[in-house]
Amino acid sequence: MKKNAGSVALTVAGAVLCAVFSFLLVCNVTIIVKGTLHPETPPTVLGVAPMVVLSGSMSGTAADHIEVGDLIFTTKPDTEALQVGDVVAFKDGNVVVTHRIVAVTADESGKKQFITKGDANNTEDAAVTPPEDVLGRVIAVIPGAGGAVRFLRTPLGMLCLVLVLPLAIRLPEMLGRRRVKEA
């Protein structure tokens, strides 16, 4: 039996969906395991740490503003290359904060430090020292995607992801059968 273009397209779409959901499942498991083993730092996948924004301190009208519920991606930066205007995630006690660098200075001993401030805040933060406390520089933002990511990190979200994968694999076959029965 000769396959038509629609059947081939469905097969390709199913394979792509399968690959995407498989990748998401592996990333999700990696993040959950790393987050459980090392809760003091954001977990990374291939050197990238996805984080969900929980406060409005970076809200605003700037081209690269960040809103509550956005999903941000950070990579470990070369702290020597960081400059004013970069948006960084850093440890402030037990909390990870994402703010913009407004000044690069040195402490009394000459060690580099970063002064940060949230775009929506009126005051600057305490200096980020040592520079090793900078966990990442923001490289990408997906507006509004944080809610879905927070859901996928729950047991129910993980179950949904695991259930969608077999459906994505079988979707072309199921649709192909339906067309044959209709003919």
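Residues numbered from 1 in each chain as written. Predicted model: local features only at pLDDT ≥ 70, side-chain atom pairs only at ≥ 80, totals over all residues. Heavy atoms only, no water.

As for the side chain of Thr-79
The following threshold applies: Segments assigned H or I by DSSP are reported as helices when at least four residues long, segments assigned E as strands when at least two residues long, and all are numbered from the N terminus. Contacts were defined at the residue level, with two residues in contact if any of their heavy atoms lie within 4.5 Å.
Tracing the backbone through its elements, the reader meets Thr-79 in the loop between β2 (71-75) and β3 (87-92). For Thr-79, the contacting residues outside a window of four places in its chain are Lys-112, Phe-114, Pro-131 and Val-134.

Regarding the side chain of Gln-113
Looking at where Gln-113 falls in the secondary structure, it is placed in strand β5 (residues 112-117). Leaving out residues up to four positions away in the same chain, Gln-113 has contacts with Ala-103, Val-104, Thr-105, Ala-106, Asp-107, Ala-127, Val-128 and Thr-129.

Here's the deal with the pairing of β5
Counted only if it meets this: Whether a residue is buried, partly exposed or exposed follows from its accessible area with a 1.4 Å probe, protein chains only, as a fraction of its type maximum: under 20%, in between, or over 50%, in that order. A pair of strands is treated as paired once DSSP finds two or more bridges between them.
Within β5, 5 of the 6 residues are buried, which leaves it mostly tucked inside the rest of the structure. Of the pairings in the sheet, the one linking strand β4 (residues 95-106) to β5 comprises 6 bridges and is antiparallel in character. By the bridge assignment for β5, Arg-100 is matched with Lys-117. Remark: 5 residues form the turn of the hairpin made by β4 and β5, two consecutive strands paired antiparallel; Gly-110 in that turn has positive phi of roughly 90°.

A closer look at the pattern of salt bridges
Opposite charge on two side chains allows them to pair when their charged atoms are near. Selection criterion: Throughout this description, the term salt bridge denotes a Lys or Arg side-chain nitrogen within 4 Å of a carboxyl oxygen of Asp or Glu.
Counted under the stated rule, the structure contains 4 salt bridges. Of the charged contacts in the structure, one is a salt bridge between Arg-100 and Asp-64, with a shortest N-O distance of 2.9 Å. In this pair, Arg-100 is assigned in strand β4 and Asp-64 in the loop between β1 (48-52) and β2, connecting sequence segments 36 residues apart. Judged by relative accessible area, which is 13%, Arg-100 ranks as buried.

A word on the sheet that holds β5
For the record, the criterion: For helices, the fitted line uses only the C-alpha atoms of the stretch in contact; every axis is such a line through C-alpha atoms, and the angle between N-to-C directions lies from 0 to 180 degrees.
Taken in spatial order, the 6 strands of this open sheet run β1-β2-β6-β3-β4-β5, and their pairing is antiparallel. With partners counted over all chains shown, the strands left at the sheet margins are β1 and β5, one partner each. The mean inter-strand angle of the sheet, taken between neighbouring strand axes irrespective of direction, is 50°. As paired elements, β2 and strand β6 (residues 134-142) share 5 bridges and run antiparallel to each other. When the bridges of β6 are listed, Phe-73 appears paired with Ala-140.

Observations concerning the layout of surface pockets
Applicable threshold: Think of a 1 Å grid over just the protein atoms. A cavity is a set of points where a 1.4 Å probe fits yet cannot get out, a pocket is an open set with protein on both sides within 12 Å along at least five of seven lines, and lining residues have an atom within 4 Å of a point. Grid points are joined across faces, edges and corners, and a volume is the space filled by probe spheres set on the points. Each residue receives one of three labels: charged for Asp, Glu, Lys and Arg, nonpolar for Ala, Val, Leu, Ile, Met, Phe, Trp, Tyr, Cys and Pro, and polar for the others, Gly being one of them.
In this model, the largest pocket occupies a volume close to 620 Å³. In terms of lining residues, the largest pocket is bounded by 23 residues, among which Pro-42, Met-51, Val-52, Leu-54 and Val-96 are the most central. Looking at the lining of the largest pocket, the elements that each hand over two or more residues are β1 and β4. Of all the elements, β4 adds the most residues to the lining of the largest pocket, at 5 residues. The residue makeup of the lining of the largest pocket, split by class, is 13 nonpolar, 6 polar and 4 charged.

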